[in-house]
Amino acid sequence: MVANLSKEPLLRENLETRPASVLVIGGGIGGMRASLDLADAGLKVHLVEHTPCLGGRVSQLGFMFPQHDCVLCRGTPDHGYGCTRPSISPGYISNNQHPNIEIHTNTHVIDVEGQAGDFTVSLRTEPRYVDPARCINCGYCSQVCPLELPDTYQQGITFRKAAYKVAARAVPDAYVIDRHPECDTCGKCVEVCPTRAIDLYQKPRLFSLNVGAIILALGFKTYDPSEIGELGFGRYPNVLSAMQYERLASRSGPTEGIVIRPSDHQTPRSIAWLQCIGSRDQKITYCSSICCMYATKEAMLAKQRLGNEVACRVFIMDERAFNKEYSTYFAKARQKHGIQYTRCRVSAVQEDPRSHNLILKYQDAEGQTVKETFEMVVLATGLGPPASAVELAGVLGIELNNYGFCKTEKFSPLQTSRPGVFVCGAFSSPKEIVETIIDASGAAAEVMRLLNDRLNTYPLTREWPFLMHMNGEKTGVSLPPERNVEGQPPRTGVYLCTCMGELAGWHGTDQEGHTSGSQLDLQGLVQVARSSPGVVHTEVVEAACFPEGLIRIQAGISELSLNRVVVAGCSNRTHDSLFQRCVRQSGLNPYLVELVNLRDQCGRVHLAQPEIANRKAQEMLRIAIGRVAAAKPIHKQKHHCRPNALVIGGGVSGMTSALAIADSGYDVYLVERSNMLGGNLLKLHYVAEGYNPQLLLRDLVNRVTAHQRIHVYTRTEVIRHSGHLGFFRAELATQQPDGSRLLTQLEHGVTIVATGGREAKQHPWLEYPQVITQHTLEEMIIYQPEKMAALKNVVMIQCVRPEGVPDYCSRVCCTNTMKNAIRLKLYNPGCRVTVLYRNIVTYGFREDYYAEARRRGVIFFRYTDDAPPQLSLEPSGKRLLVKVYDLSLKQWVHLPADLVPLSMSILPADGTQELAEMLRLPLSSEGFFKEAQIKLRPMDFTREGIFLAGMAHYPKFLEESTSHALAAAARALTILSSRDTLYLGGVVAQVDPTKCVGCLTCTRTCPFGIPKVVEFEGRRGVGNLGGAAYIDPAECQGCGTCTGECPANAIQLLNYTDEQIMLHSIKGLGHWLPAAG
Amino acid sequence: MDQQVTRNREANQVWQQQIVCYACEHCAYAAADLAGTLRMQYPPSIKIVQLPCSGKLDVLMVLHAFEQGADGVMVAG
């Protein structure tokens, strides 16, 4: 005891000197996602990107399969940073940037020293030559710049200036100078810059950081198709790489989304896609995993944009559509859009030199050699390890695998060979966006576990995170108490921003001869402001967003006791947070400020009609003054987050999630329906990679049962579940040995659904004794090896699904089949193993097992749904006869079989439907749980506080389930770590119970199922109905759908009340009259 | 109302129709901002009203816009 006491202060001292910060290398979607989760858990994040802006590959893609949306509307600053689309992601948008994230662009890591928990990293920042804090995006530097260079963002299709902005919505939102020797004597950009933001003699900066852990999110490099000369890339103008096509098809691309032929700028009438360029060949043996899907997307875009008459043909080897909704996507491409798929690998492209059309020779389905002319050819290039992989691996001291990607182990898919260094995304194997997002959050969970003693070192002011300064001070912010403005008549201050002369000038004067900026009439605007009701102060500021401008606003609030503020200039989308923070620092509620978007929605877009634009500007100003007068302060409610999690399902996912949460210092209730932990892992005996999964099982079960923070409930089901994020209530029913049920009541902060999946067992063929499932085969291989070695003929059939089960790829079966087929061949090389398949889906490095199976003599036979295989008993009655239609010989072939293992569909676990109803969660068309958003939020639900892990989401490999479980744990930890400062509500819908007639319209229209008709606290509805609608502010997402639908107009959305929208915004139109004055 | 419209026309010399656009703040409103960044030109007679979601739109809001002299209403989201 005495010894303990003496140790304690020493320990605490140690804790405080150890860094509570994390280095994330790579500012693509993976790095951004990981940073947000870490920052939300109260760790400081240094996000390092070697290019001038964040976003990575995803920022170059116009559309994502399978929904073709860019999903930018899915997240709001208050709701979980759901959208991680780089340029508009709320967590990264300028002025609203997460207070715990520091972005270092143009920066490289040059050295790493130390060990897990305490690294010292040396970095070098190359000069940007433009100060992002002073750049106002006027673009003058680019206009005067004489130097033109190929635009790498547009894949070299167009040119840009040396002074340029990478993309219209780059983060940081500022220009950059690609300095060339010519700049030495030019310097025009320096002269023209109105804010003096440019310094052409900026020097590189060397600095070092002390961090506890490192996450690598380096992404990938696309294959350079000019390495295969026969394809003509670089020689024939109309042969494009897939990324070039993406840019052409993107709205922000060089042609604004119209695909044209580079040779003659005409839209092509026929396009061919060649798959597996730089994948699945002799040199690069692995499968790049994403090309089948993106080629299909690109073909669909061609049909949608250029018209249905465009002929699209995809030359494909296997259709690898192995994720949720992807099979349906392929079916839609084929049936609705008429995209042709030809199973053939085209080895060479010829060009007609006059028309620049391209000639492909291939074998059609009939086996005939066909010569077809296409007007454009797109090469579906594969993914390779990032260019910086080798160098960084040397700096970091991590190992790379045989393919040059980061080396990871199957049971710890996010850990590199160096402790404390984690990896996510395509740097560990070719991956698409959704897998990258899962990995990124999962890697964040690994870091939280490692730095568990340092979580919440940088806590957020969670009521309004944007109110916090971005300087990352440990103490947070101290804001003055809020002034009570209730009942006071509006005293509005109007601040008109000239944007350094770019936006508005005094009428008739031309400031410094700039021609491109809009010149709104300031005099007119000042007059309108002065004559508007409630306005007591009008002031013109040069740049409201600069510290000088902000000080003017704050001075106005304190000296003139303003209680409302209008700032006319920038967009509220980018600058709301800045001015909200500004007024709150002076004691005003952040919702008492209104912005007038003069720059992006008036000045810049009506250059040709200055007269009418001026009147519109005055109109917009009047509307804003009216709206702000009706504004009311908005507050959030403070909640206490229950510091524990409920994990439903005790398989590998459930156990992994539980351990990650418990290791980070929170209690976990782990509920398992059967009598022991393990789930599907109990029946997994060996894996293709050669690891022993039973060791993992033992390790997980031992750690879970021994963990003092994990409470395991076996033979238990959840029978009741209610509440909201931070405060759920559940009732558990445990089956007792005597047959009775023991009920347990729980209160918990978050719930993780990890109920898993199972192999289907129903099929008429399974009635034959020789027909088994692959799972059974695996058990027989382990338990009856002699019997298996004696087999002579084995016919394996892939993609067998019971009646009524939708057609989707179960993802893991092909690799399992390879694993078992190889094992049979090892036991007995003379055994004839035939695999009947539709598509072999051994994506990523798993392609090697397919190659090994072929090398060992496993025979592969493709069948189609038009002529599926048939089974019958041989006359002798001992063996089965499998009939399969040979697509090249065009006849039925009979294969005798001693054993017929089937790859059955993987179904969601029994009881998924009931659980979904209890938790009020939706299911996907395949019957699995439906996540909040298919690409960007794969571990979240639209109901906040509940997360999804493992096979309950979709069939998955062990390593994928592990990543997914960690990802769910990371999301859960961001909430649990808020402890007593969980703020919910804010801009939410409120019901006036005296107007509610209880018609249930809101309960039907709410996309989240939140409104309820209840009676409490005297809410009785119109005419004492005995109940009125109630919208829990802790759950409401603030979309306002109910307010639009309510027939009694009983619901109002805060900050968008009728008073604010109807009377002022729209009535303003009535004043669309000759300009004032 | 008619009087208002007539005055409107006189003021503009060339009559321009008044369009009220209700825009979801996450997508359409952001797209309008992007148009600004790219300096894409469109007639000033389009007025954009920001909504938190196009689901917020109320039939009354559309009618109200017409009542106040709008010639057309556009919902983008």
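Residues numbered from 1 in each chain as written. Chains lettered and ligands numbered in written order. Predicted model: local features only at pLDDT ≥ 70, side-chain atom pairs only at ≥ 80, totals over all residues.

The secondary structure content of chain A amounts to 26 helices and 52 strands. Relative to the compact-globule value of 31 Å for 1077 residues, chain A shows a C-alpha radius of gyration of 31 Å, a close match. With respect to the three principal axes, the spread of C-alpha positions in chain A is 105 × 85 × 70 Å. When each of the 1077 residues of chain A is scored for burial, the buried share is 54%. (Helix = DSSP H or I, 4+ residues; strand = E, 2+ residues; numbered from the N terminus. Rg over C-alpha atoms; globule rule 2.2 N^0.38 Å. Buried ≥ 20, exposed ≤ 12 C-beta atoms within 10 Å, placed from the backbone.)

Counting its secondary structure elements, chain B contains three helices and three strands. Listing every helix and strand of chain B by position from the N terminus yields α-β-α-β-α-β. Counting the 77 residues in chain B, one finds 44% classified as buried. By sequence separation, contacts in chain B at least 24 residues apart represent 81% of the contacts at least 6 residues apart. (Contact = placed C-beta atoms within 7 Å.)

This next bit is on the nonpolar core. Ile215(A), Leu216(A), Ala568(A), Val647(A), Ile752(A) and Ala972(A) are the most contacted members of the largest nonpolar core, which totals 304 residues. Take this core: its biggest share by element is 11 residues, from helix 23 (residues 958-976) of chain A. If we skip the residues at most four places from it in the chain, Ile752(A) touches Ala645(A), Val647(A), Ile648(A), Ser657(A), Phe947(A), Ala949(A), Ala968(A) and Ala972(A). Among the nonpolar cores identified, the runner-up in size contains 39 residues, and Cys24(B), Val49(B), Leu51(B) and Met61(B) belong to it. (Core = buried A, V, L, I, M, F, W, Y, C linked by C-beta atoms within 7 Å.)

For the rest of this paragraph, the subject is the sheet that holds strand 4 (residues 107-115) of chain A. Residues and elements named next belong to chain A. Pairing is antiparallel across the open sheet formed by three strands, whose spatial order is 4-5-10. Only two strands of the sheet have a single neighbouring strand rather than two, namely strand 4 and strand 10 (205-211). Averaged over all adjacent pairs, the angle separating strand axes in this sheet is 20°, with direction ignored. Judged from the eight bridges that link them, strand 4 and strand 5 (residues 118-125) form a sheet pairing that is antiparallel. (Pairing = 2+ DSSP bridges. Axes fitted to C-alpha atoms, helices over the stretch in contact; angles between N-to-C directions.)

Residues and elements named next belong to chain A. Tracing the chain through its elements places Pro430 in the loop between strand 22 (421-423) and helix 10 (433-450). Pro430 gets classed as buried once you count the C-beta atoms within 10 Å, which come to 25. Sequence separation between Pro430 and Cys287 is 143 residues, and the spatial gap between their C-alpha atoms is 7.8 Å. The contacts of Pro430, once residues within four sequence positions are left out, are Phe220, Tyr286, Ser288, Ser289, Ile290, Leu383 and Gly844.

All names here are of chain A. Two elements in contact, helix 16 (residues 652-663) and helix 17 (residues 693-706), have axes separated by 10 Å at closest approach and are oriented at 45°. Put simply, helix 16 runs oblique to helix 17. Crossing angle aside, the handedness with which helix 16 passes helix 17 is left-handed. Contacts from Val652, Met655, Ala658 and Leu659 of helix 16 reach helix 17 at Leu700, Arg703 and Val704. (Parallel < 35°, antiparallel > 145°, perpendicular 65-115°, else oblique. Left-handed = near helix turned anticlockwise from the far one by under 90°.)

What follows is about the packing of helix 11 (residues 522-531) of chain A against helix 15 (residues 610-629) of chain A. Residue and element names in this part refer to chain A. Axis separation between helix 11 and helix 15 bottoms out at 10 Å; the angle between their running directions is 30°. When the axes of helix 11 and helix 15 are compared, the pair comes out roughly parallel. Read as a crossing pair, helix 11 and helix 15 show a hand that is right-handed. Residues Gly524, Leu525, Val528 and Ala529 of helix 11 touch helix 15, and the partners they reach there are Asn614, Ala617, Gln618, Leu621 and Arg622. A per-class count over the contact of helix 11 with helix 15 returns five nonpolar, three polar and one charged. (Nonpolar A, V, L, I, M, F, W, Y, C, P; charged D, E, K, R; others polar.)

The next thing to look at is the pairing of strand 31 (residues 667-671) of chain A. Residue and element names in this part refer to chain A. In terms of burial, strand 31 is a largely internal element, five of the five residues being buried. Alternating positions in strand 31 separate into two faces, Asp667, Tyr669 and Val671 on one and Val668 and Leu670 on the other, with burial throughout. Pairing between strand 30 (residues 644-648) and strand 31: five bridges, direction parallel. Each residue of the ladder has a partner; that of Ala645, found in strand 31, is Val668. Taken together, strand 30, helix 16 and strand 31 constitute a β-α-β crossover, and its handedness is right-handed. Bridge count for strand 31 against strand 32 (residues 710-713) is four bridges, and the pairing is parallel. (Right-handed = clockwise from strand over helix to strand, strands pointing away.)

Right, let's talk about the sheet that holds strand 30 of chain A for a bit. Residues and elements named next belong to chain A. One open sheet holds the five strands; their spatial order is 32-31-30-36-47, and the pairing between them is parallel. Looking along the sheet, the strands with just one partner apiece sit at the ends: strand 32 and strand 47 (946-948). In this sheet, neighbouring strand axes are inclined to one another by 20° on average, regardless of whether the strands run parallel or antiparallel. Lying on the sheet, helix 16 is in contact with strand 30, strand 31, strand 32 and strand 36 (750-753); it crosses strand 31 at an angle near 165°.

Of all residues in chain A, 91% attain a pLDDT of 70 or more, and the chain-wide mean is 89. The low-confidence segment residues 1-15 of chain A (pLDDT under 50) makes one contact with residues lying over four places distant or belonging to another chain. (pLDDT = per-residue confidence, 0-100.)

Attention now moves to helix 17 of chain A. Residue and element names in this part refer to chain A. End to end, helix 17 covers 20 Å across 14 residues, agreeing with the expected 20 Å (1.5 Å per residue, within 8%). Turning to helix 17, its buried residues number three or more, namely Pro693, Leu696, Leu700 and Val704. Down the axis of helix 17, the buried side of the element spans an arc of 55°, and every buried residue falls inside it. Set apart from the buried face of helix 17 by more than 90 degrees, the exposed residues are Leu695, Asp699, Asn702, Thr705 and Ala706. In this structure, the buried side of helix 17 is in contact with helix 16, strand 31, strand 32 and helix 23. (Expected span 1.5 Å × (residues − 1). Arc of directions from axis to C-beta.)

Before going further, it helps to examine the confidence of the model for chain B. When pLDDT is averaged along chain B, the result is 79; 79% of the residues meet or exceed 70. We note a pTM of 0.89 for the whole complex and an ipTM of 0.87 for its interfaces.

A few words on the environment of Gly726(A). With respect to the secondary-structure elements, Gly726(A) resides in the loop between strand 33 (716-724) and strand 34 (727-735). Sequence-distant contacts of Gly726(A), defined by excluding residues within four places in its chain, comprise His639(A), Cys641(A), Arg642(A), Gly749(A), Gly945(A), Ile975(A) and Leu982(A).

Along the chain, the position of Ala821(A) falls in helix 20 (residues 813-827). Residues Ala821(A) and Arg832(A) lie 11 residues apart in sequence; the distance between their C-alpha atoms is 9.8 Å.

Moving on: unusual backbone geometry. Residues and elements named next belong to chain A. The residue after Phe65, namely Pro66, is reached through a cis peptide bond having omega -5°. Of note, Pro66 is situated in the loop between strand 2 (44-48) and strand 3 (101-104). Positive phi, normally seen in glycine, also occurs at Ser289, with a value near 70°. Summarising the element assignment, Ser289 is placed in the loop between strand 14 (270-277) and helix 7 (291-306). Look at Arg811: it is not a glycine, yet its phi comes out positive at around 70°. With respect to the secondary-structure elements, Arg811 resides in the loop between strand 39 (793-800) and helix 20.

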